[in-house]
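Residue strings, one per chain:
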Amino acid sequence: MYDFSAQDPTIWNAIQKESNRQDSVIELIASENIASKAVRAAQGSVLTNKYAVGYPGKRVYTGNEALDVIDNAAKQRAEKLFHAEYANVYPHSGTQANQAVYAAFLKPGDKILAMSEHAGGHFTHGQKHNFSGQLYESHFYGVDPETELLDFDEIEKIAKEVKPKLIIAGASAYSHIIDWTKFRKIADEVNAYLMVDMAHIAGLVAAGLHPNPVEVADVVTSTTHKTLRGPRGGMILAKAKYADALDNAVFPISQSGTLEHVIAAKAIAYDEALQPSFKEYAQNVINNAQAMAKVFNADDKIRLVSGGTENHEMTLDLNATGLTGEQAADLLYSVGIATNKELLPLESGNTMEGIRIGTPTITSRNFNEDDATQVAKLIVTVLNHPNDEDQLNDVKQAVVQLVNDHPITR
Ligand code: PLP
C-alpha cells in the first residue's frame, strides 16, 4: 500500500492498527472474510476517480471506454458463476440491492413476508427500524420451536393468511440448507414474487455446495464480501424478463454513480470463485464449521441451535452458562476470538442470548478441521470458565500460537 503516513498519520496508524488486529485475532464473525490482494488492489486503483452514471453504451458522461470493459466483464462473470439470465453488479451493498428489488417489485404499503430477526432473518427484510419495515407492510415467519428449522407448513399457512406481494427467503443466522423449491411452491400458491437474499451463502452457492436459488426465485440479492470473498458490495441476479425493471430500480431510482473500483474488484472476485480452488475453499468452510459443531454438541452447557450446521455458520445458545451473548462475545474477544452476539429463535425478549460463529475467515487462513476443533475447544473453555484467569491466559497463548501458525497470505 502507498505510504501516506506523513500526510495523514491518524488514518495511516488506524489502518496499521486494524491490519495488526486482523492478523492477531481468530475471526469467527460469519459475515466476514479476507478479500484477495488483487481484489484490494482494484479497490485502491484510479477507478475511484471516474464517474460512471448509467449503463455501458448509455452513459451520462464521456470517457467510459475502459469502464465499459470492466462493467461488462463483471456482469458476464456474475451471470456465468450463478447461471443467471441477468445480473446487476452496481448495488453498493446488500441493503441497496434489497432496496432496489423492493423498488422494482413493490409499491409503498404492499405486503412482504420474510424470516423474523429472532429466527435469523436480516433487518432489511421488513424490520420496523429499517426503511423496509417503514415503506412496506411486513409480516414474518419463524422456525419450528422444536427443531429450530424452517417449517414450510407454517410458512404456507402464514402466506395464505397474509397474501404478500413478495416472499423473502434467506437469512443471516440460519445454519441449514434452504429448500428454495418449497418457497417457490408457496409463492405460486399465493401469487407472490419470490426473492432470495443469499448474502451469507453466496460463496457456497457459487461452489455448488448449496442449491442455487437463481433457478427458482424471481430475483436473488446478495452481498459480495461474505462467503463469496469479494469486495464489500451488493448484486442482483434475476430472470431476464425483470432486467429492465431492475436496471431502472438500481439506476436512477436508488443510485447515481457506480463505485467503479468496487465493480472491478467484484469482477476479479467472480473470476476467483470460478476457479476449482474456490470449490475446495468452500468445502473446507463447511468442514470446519461441522468440526466445530461436533465440539459444541459434546458440551453440556453450550447448546447448538438446531443441533448442527450444514453451511458456514452456527448459533450457540448460552443460557446454561449464565452469560448473555454480549458478555460471551466480549469475553471471547478479550482472549483474541471474535464472534458476535445473536438473537435466539426462541428467546422472548431482545437480550441476544446467543453468539454466532462462522468459519469463512479462518478457512481463508488455511485453518483445517483439527485447527477448527481446537478453536471450538478454546471457546468451550472460555465460556465454561469466565472467571478463571489461568485458563483464560492459557487460551490467549493458544490463540497467539494458532494465528502465528496461520498467517494471512492473501
Ligand atoms: N442481507 C443479508 C442476509 C445479510 O446478512 C446482510 C448483512 O449482514 C445484508 C443483507 C446487508 O448487507 P450490507 O451490510 O452490505 O448492506
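Quick caveat: nothing in here was measured; it's all calculated off a predicted structure.

1. A short note on helix H6 (residues 152-162)
Considered for burial, the residues of H6 that qualify are Phe 152, Ile 155, Glu 156, Ile 158, Ala 159 and Val 162. On an axial view of H6, the arc spanned by its buried residues comes to 165 degrees, and they lie on one face. What points out from H6, more than 90 degrees from its buried face, is the exposed set Asp 153 and Glu 161. Here the buried face of H6 lies against strand S5 (111-115), strand S6 (137-141), strand S7 (166-169) and helix H7 (180-189). Positive backbone phi, approximately 50 degrees, marks Lys 163, located one or two places after H6.

2. Points about the packing of aromatic side chains
Summed over the entire model, instances satisfying the criterion amount to twelve aromatic pairs. Ring geometry for Tyr 102 and Phe 131: centres 6.1 Å apart, planes at 50 degrees, overall tilted. Separated by 29 residues along the polypeptide, Tyr 102 in helix H4 (residues 94-105) and Phe 131 in helix H5 (residues 131-135) bring together distant segments of the chain. Each ring, one from Phe 152 and one from Phe 183, has its centre 5.2 Å from the other, and the planes form 80 degrees; the classification is edge-to-face. One end of the pair, Phe 152, is in helix H6; the other, Phe 183, is in helix H7, with 31 residues separating them in the sequence. Accessibility assignment for this pair places Phe 152 and Phe 183 in one class, buried. Members of the aromatic cluster, joined through ring pairs, are Tyr 55, Tyr 90 and Phe 251. Over the ring of Tyr 281 we find Arg 229; its NZ or CZ atom is 3.8 Å from the centre of that ring.

3. Quick notes on the sheet that holds strand S11 (residues 303-304)
Read from one edge to the other, the open sheet built from four strands follows the order S11-S12-S15-S14, with strand pairing classed as antiparallel. Pairing within the sheet leaves two strands with one partner each, and these edge strands are S11 and strand S14 (340-342). Looking at chain direction, strand S12 (residues 313-317) and strand S15 (residues 354-358) are connected through five bridges and run antiparallel. Across the sheet, the residue bridging to Glu 313 is Gly 358, located in S15. Along the sheet, helix H11 (residues 276-297) makes contact with S11, S12 and S15, crossing S12 at roughly 15 degrees. On the sheet, helix H12 (residues 325-334) packs against S14 and S15 and is oriented at approximately 45 degrees with respect to S15.

Cut-offs and rules
Residues numbered from 1 in each chain as written. Predicted model: local features only at pLDDT ≥ 70, side-chain atom pairs only at ≥ 80, totals over all residues. Heavy atoms only, no water. Buried < 20%, exposed > 50% of the residue type's maximum accessible area, 1.4 Å probe, protein only. Helix = DSSP H or I, 4+ residues; strand = E, 2+ residues; numbered from the N terminus. Arc of directions from axis to C-beta. Contact = heavy atoms within 4.5 Å. Phe/Tyr/Trp six-rings, centres within 6.5 Å; stacked < 30°, edge-to-face > 60°. Lys NZ or Arg CZ within 6 Å of the ring centre and 35° of its normal. Pairing = 2+ DSSP bridges. Axes fitted to C-alpha atoms, helices over the stretch in contact; angles between N-to-C directions.

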